[in-house]
Amino acid sequence: MILRMGIDIAVRAPHQASLADERGELVWSGHRFRTTAADLETLWQRLPVDQATEDVTVVMEPTRNAWVPLAAWFRRRGAQVVLVSAERSSDLRAYYAKHTKSDRLDSVLLARLPLLHPEGLHPERGIGPGDPLRRATKLHSTLVKRRTTSLARLDALLEILGPDWHAAFGTHLGYKTSLRFLAAGYADPHTVRRLGRARLARFFYRHSRGAFGDELASAVLAAAHATLDLWGEELSFPDLAEDIAIEARLALALTEEIKELDERVEVIVRDRDPSSIITSAPGVGSVTGAAILGRLGDASRFSSLAAARSFSGLVPALDSSGVSGRHGGPTKRGDALLREALFISANQARRIDPTLAAKYHRLMVEAGKHHNSALCHIATTLLTRVVACWKNQTPYELHDIDGRTVTRDEARAIIADRFQIPDEIRKARTTTQGTGRRNKESRRAPSTGPSNHNAKRPGAA
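Residues numbered from 1 in each chain as written. Predicted model: local features only at pLDDT ≥ 70, side-chain atom pairs only at ≥ 80, totals over all residues. Heavy atoms only, no water.

What follows covers the overall build of the protein chain. A count of helices and strands for the protein chain gives 18 helices and 7 strands. The buried share of the protein chain, reckoned over its 461 residues, is 42%. Across the protein chain, contacts joining residues at least 24 apart in sequence account for 63% of those joining residues at least 6 apart. Per element, the accessible surface of the protein chain, about 25800 Å² overall, is 51% carbon and sulfur. (Helix = DSSP H or I, 4+ residues; strand = E, 2+ residues; numbered from the N terminus. Buried < 20%, exposed > 50% of the residue type's maximum accessible area, 1.4 Å probe, protein only. Contact = heavy atoms within 4.5 Å. Areas by Shrake-Rupley, 256 points an atom, 1.4 Å probe, with all protein chains shown as cover.)

Encoded structure:
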């Protein structure tokens, strides 16, 4: 007998399970249990005697991370585990019982879902957040964004001291030498002046291993004198220096964590992809390759290349009725970090692969696509080829548009000769930030005029 068990997962409260047969008739419902081996064993004992475990399908929503140990336990028992998005089950519940919402009802609906929408069920074979590479790549992205935010805040604090500080550090503000200098509390111009040029030069020389020295020391000392001339004694320099030191220490700590995480990710990727098939694709480096491999999972699980594209969420939405229809933007139903990695890789791949460059050129010049829209098309194509290479266990090869195999140098020469985007078209197809006053002013600056946040639209009653 074919059985479907629907489980409404709770994070802190007990879960609820319901069991239905192949006709949707309930065998039982409302069984409460928690994520413990004893409770799961009791739940499993409620299956009919002599029930074949391979004929049992467990349907659940991926509620936070609470589903991970449950899915692993049921898979070990031989059951098939299916995950259903909360949006889809919510839509079904609204149709089934519009004004009623309960955990028992949710579990009943999940148990009957395979009968109502069998083609939308895809077995989940991975362990989701339990997978170390999937978890590490997400953590890496989070740490990088936190570090970027910390550096932006650090840059904003240095603006209070005056423009000379930014000119002194320039693009080197994110370097460990600059961060160690600011973390030591040396953003106080009085402290910088007391240290003097010689000691500053020794500090920069020692911490940068000879990359910086007298030139940077002179620039920082000049910035300190300029700040004292600008502010006098109106600003509390020790307090500001301490705030800057806190941000610098946070940025340093994040930098170290990212470095250690990169080393751990490299070991995992080398173990899973010893032939470097993922990074053989153009534009796919060590960081983006790890993200694609970790967030995509085992590419061989997809029944078709179209299924892999759909999983990424880069396929366009479709709104069609009768004789009318239109395609919208990407559905974005897949993993956001996977799309981010593919988008970044696509921007580099179009500069390396002539076939991708030709497609990008056609989309920009002939089809009139925006740069971001064209890159979404390139990212989808790149994903398709990466999955095909993974399934065949063959590295990516570069080809000219006539199918001839080329080297990277030959490919770049072909792109430079035949697929360059005219400057006027690129400017027209690239989003630029506005230059109005409201785009330039600080978001934390006091208002200089009346607020229009709640202003009515022209013509509104």
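That covers the picture; the talk isn't over yet.
Let's shift gears to the packing of aromatic side chains. Given two aromatic rings, their pairing is described by the distance between the two centres and the angle made by the two planes. All chains considered together, the criterion is met by 11 aromatic pairs. Ring centres 5.4 Å apart and planes at 90° place the aromatic pair Trp73 and Phe74 in the edge-to-face group. Like Phe74, Trp73 is buried. For the ring pair Tyr175 and Phe212, a centre distance of 6.2 Å and an interplane angle of 40° mean the geometry is tilted. Here Tyr175, found in the loop between helix H6 (163–169) and helix H7 (176–183), pairs with Phe212, found in the loop between helix H8 (189–207) and helix H9 (214–231); they are 37 residues apart in sequence, far enough to count as distant. Members of the aromatic cluster, joined through ring pairs, are Phe169, Phe181, Tyr186, Phe203 and Phe204. (Phe/Tyr/Trp six-rings, centres within 6.5 Å; stacked < 30°, edge-to-face > 60°.)

On to the packing of helix H5 (residues 132–161) against helix H10 (residues 237–272). H10 packs onto H5 with a crossing angle of 155° between their chain directions and a minimal axis gap of 8 Å. Taken together, H5 and H10 sit at an angle that is classed as roughly antiparallel. The crossing of H5 and H10 is left-handed. Each residue belonging to the contact of H5 with H10 can be placed in one class, and the counts come to 24 nonpolar, 3 polar and 9 charged. (Axes fitted to C-alpha atoms, helices over the stretch in contact; angles between N-to-C directions. Parallel < 35°, antiparallel > 145°, perpendicular 65-115°, else oblique. Left-handed = near helix turned anticlockwise from the far one by under 90°. Nonpolar A, V, L, I, M, F, W, Y, C, P; charged D, E, K, R; others polar.)

Further remarks concern a negative patch on the surface. A surface patch of like charges, here negative, comprises Glu257, Glu260, Asp262 and Glu263. Its location among the elements puts Glu263 in helix H10. Judged by relative accessible area, which is 47%, Glu263 ranks as partly exposed. (Patch = residues over 30% accessible without salt bridge, like charges linked within 9 Å, V, L, I, M, F, W, Y side chains within 5 Å. Salt bridge = Lys/Arg side-chain N within 4 Å of Asp/Glu carboxyl O. Lys, Arg positive; Asp, Glu negative; His and termini not counted. Charge placed at Lys NZ, Arg CZ, Asp CG, Glu CD.)

Glancing now at helix H1 (residues 37–44). Leu40, Leu43 and Trp44 are the residues of H1 that are buried. Buried residues of H1 fall within an arc of 100° about the axis and therefore sit on the same side. Lining the buried residues of H1 we find strand S1 (3–8), strand S2 (15–21), strand S3 (26–33), strand S4 (56–60) and helix H2 (67–76). (Arc of directions from axis to C-beta.)

A few words now on the nonpolar core. Among the nonpolar cores identified, the biggest contains 54 residues, and Leu133, Val265, Ile292, Leu296, Leu342, Tyr360 and Leu382 are the most heavily contacted of them. Secondary structure elements with two or more residues in this core: H5, H10, helix H11 (286–296), helix H13 (336–349), helix H14 (354–366), helix H15 (371–392) and helix H16 (408–418). The greatest single-element share of this core, amounting to 11 residues, is contributed by H15. Not counting residues up to four positions away in its chain, the partners in contact with Leu342 are Ile292, Ser312, Leu314, Ala379 and Leu383. Counting residues in each nonpolar core, the second largest holds 36 residues, with Leu161, Leu179, Ala201 and Phe237 among its members. (Core = buried A, V, L, I, M, F, W, Y, C linked by side-chain atoms within 4.5 Å.)

Pairing of S2 with S3, which is carried by 5 bridges, proceeds in the antiparallel orientation. Counted as the bridge partner of Leu19 is Trp28 from S3. From the end of S2 to the start of S3, which pair antiparallel, there are 4 residues, and Gly24 there has a positive phi angle of about 90°. (Pairing = 2+ DSSP bridges.)

Quick look at the packing of H7 against H10 now. Two elements in contact, H7 and H10, have axes separated by 7 Å at closest approach and are oriented at 140°. Where H7 crosses over H10, the two elements pack in a sense that is left-handed. Contact residues: H7 offers Lys176, Leu179, Arg180, Leu182 and Ala183, while H10 offers Ile244, Ala245, Ala248, Arg249, Ala251, Leu252, Thr255, Glu256 and Lys259. Of the residues in the contact of H7 with H10, the class split is 8 nonpolar, 1 polar and 5 charged.

The next thing to look at is the environment of Leu158. Residue placement: Leu158 occurs in helix H5. Of the residues examined, Leu158 reaches a relative accessible area of 2% and is grouped as buried. Expressed as a C-alpha distance, the spacing of Leu158 and Ile244, which sit 86 residues apart in the sequence, is 7.6 Å.

As a further point, take the confidence of the model for the protein chain. For the protein chain, mean pLDDT is 86; residues scoring 70 or higher make up 90% of the total. Note that pLDDT drops below 50 for residues 445–461; the model gives that stretch 5 contacts with residues more than four away or on any other chain. (pLDDT = per-residue confidence, 0-100.)

Turning next to the pattern of salt bridges. Enumeration over the complete set of coordinates arrives at 12 salt bridges. In this structure, Arg23 and Asp21 form a salt bridge, with 3.7 Å as the shortest nitrogen-oxygen distance. Look at Asp21 and you get buried, because its relative accessible area is 8%. Asp353 is paired through a salt bridge with Arg385; the nearest N and O atoms lie 3.2 Å apart. You can see Asp353 sitting in the loop between H13 and H14 and its partner Arg385 sitting in helix H15, a full 32 residues away along the chain. A network of salt bridges, in which partner residues are shared, links Arg134, Arg295 and Asp335.

Turning our eyes to something else, we now look at the sheet that holds S2. Read from one edge of the open sheet, 5 strands run S3-S2-S1-S4-S5, paired in mixed fashion. Either end of the sheet is taken by a strand with one partner, and the two such strands are S3 and strand S5 (80–83). Each strand of the sheet is rotated relative to its neighbour by a mean of 20°, with strand direction disregarded. Of the strand pairs in this sheet, S1 and S2 are connected by 6 bridges, and their pairing is antiparallel. Paired with Leu3 across the two strands is Asp21, which belongs to S2. Taken strand by strand, H1 contacts S1, S2, S3 and S4, and its axis lies near 170° from that of S3. Taken strand by strand, helix H4 (residues 103–116) contacts S1, S2, S3 and S4, and its axis lies near 145° from that of S1.

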